[in-house]
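# Summary of structural features
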Amino acid sequence: MNPGTEPAQQELVMTRIFDAPREVVFKAWTDPERLKLWWGPTGFTNPVCELDVRPGGAIRIHMRAPNGIVYPMTGVYREIVEPERLVFISAALDEKGNPLFEILNTVTFAEHGGKTKLTVHAKVTMATPAGAPHLAGMEMGWSLTLDRLAEYVAKA
């Protein structure tokens, strides 16, 4: 590998403190009517947001970018421990409905003096060459998404 070049990030851990009780933050992740209001980077909307929050339950979200392009994603919940932990697989889909990549997401919600310490651990488990450009923006995407979550729960 040449100096100054790095492979696409395959694993990411982010921790944030949210100024809201953890039950409120957990509900923002598990109620589709709440999730659709903050999920995705700045400027994105979620015209489709369906969550079957139980082990084996499906996730289906269509994220619409400000330019109108829709990015569909699916997923499956692996583990739900209310209000402490969510584990789910997510996959971004191409125009034919095939996964571009899959990520194992573990989200933990910890009490933090009346606030919530949230940790997202996202590990890429499969990626296609076409998915690489999307994965290159994973850290920025999560950062912007968590910014939107912070704004949402501050008003909740």
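Description of the structure in this document.

Rules used in this analysis
Residues numbered from 1 in each chain as written. Predicted model: local features only at pLDDT ≥ 70, side-chain atom pairs only at ≥ 80, totals over all residues. Heavy atoms only, no water. Helix = DSSP H or I, 4+ residues; strand = E, 2+ residues; numbered from the N terminus. Buried < 20%, exposed > 50% of the residue type's maximum accessible area, 1.4 Å probe, protein only. Polar contact = N/O pair within 3.5 Å; in protein donor to acceptor, adjacent residues only side chain to side chain. Salt bridge = Lys/Arg side-chain N within 4 Å of Asp/Glu carboxyl O. Contact = heavy atoms within 4.5 Å. Axes fitted to C-alpha atoms, helices over the stretch in contact; angles between N-to-C directions. Parallel < 35°, antiparallel > 145°, perpendicular 65-115°, else oblique. Left-handed = near helix turned anticlockwise from the far one by under 90°. Nonpolar A, V, L, I, M, F, W, Y, C, P; charged D, E, K, R; others polar. Pairing = 2+ DSSP bridges.

What follows concerns the side chain of threonine 116. Here threonine 116 is to be found in strand 7 (residues 115-127). Looking at threonine 116, the relative accessible area reads 0%, which means it is buried. Polar side-chain contacts of threonine 116 include one of 2.9 Å to the backbone nitrogen of arginine 22.

Here we come to the pattern of salt bridges. Under the criterion given, the structure shown has 7 salt bridges. Note that arginine 16 is salt-bridged to aspartate 147, the shortest N-O span being 2.8 Å. Of this pair, arginine 16 sits in strand 1 (residues 11-18) while aspartate 147 is found in helix 4 (residues 138-155), placing the two residues 131 residues apart along the sequence. Classification of aspartate 147 by relative accessible area gives partly exposed; the value is 34%.

The next thing to look at is the side chain of serine 90. In this fold, serine 90 is placed in strand 5 (residues 85-93). For serine 90, a relative accessible area of 10% gives the class buried. At 2.9 Å, the side chain of serine 90 forms a polar contact with the side chain of asparagine 105. Contacts of serine 90, omitting those with residues within four sequence positions, involve Met73, Thr74, Gly75, Phe101, Glu102, Ile103 and Asn105.

On to the environment of alanine 65. Here alanine 65 shows up in the loop between strand 3 (58-64) and strand 4 (70-81). The class for alanine 65 is buried, based on a relative accessible area of 9%. When the C-alpha positions of alanine 65 and phenylalanine 44 are compared, they lie 4.7 Å apart, and in sequence the two are 21 residues distant. Apart from the residues lying within four places of it in its own chain, the contact partners of alanine 65 are Phe44 and Tyr71.

Glancing now at the packing of helix 1 (residues 22-30) against helix 4. The interhelical angle for the contact between helix 1 and helix 4, taken along N-to-C directions, is 120°, at an axis separation of 11 Å. Here helix 4 runs oblique to helix 1, going by the angle between their axes. Read as a crossing pair, helix 1 and helix 4 show a hand that is right-handed. In contact with Val24, Val25, Ala28 and Trp29 of helix 1, helix 4 contributes Trp142, Leu146, Leu149, Tyr152 and Val153. When grouped by side-chain class, the residues that make up the contact of helix 1 with helix 4 number 9 nonpolar, no polar and no charged.

Time to look at the sheet that holds strand 7. As summarised here, the arrangement of the 7 strands in space is 1-7-6-5-4-3-2, forming an open sheet in which the pairing is antiparallel. Looking along the sheet, the strands with just one partner apiece sit at the ends: strand 1 and strand 2 (45-51). Each adjacent strand pair in this sheet contributes to an overall mean axis angle of 20°, direction not counted. Pairing geometry for strand 2 and strand 3, over 5 bridges, is antiparallel. Among the inter-strand pairings, glutamate 50 is bridged to a residue of strand 3, identified as arginine 60. Across the face of the sheet, helix 1 comes into contact with strand 1, strand 2, strand 4, strand 5, strand 6 (99-112) and strand 7 while running at roughly 160° to strand 6. Across the sheet, helix 4 touches strand 1, strand 6 and strand 7, and the angle it forms with strand 1 is around 20°.

A separate point is unusual backbone geometry. That bond from glutamate 82 to proline 83 is cis: its omega, -5°, falls within 30 degrees of zero. Locating proline 83 in the fold gives a position in the loop between strand 4 and strand 5.

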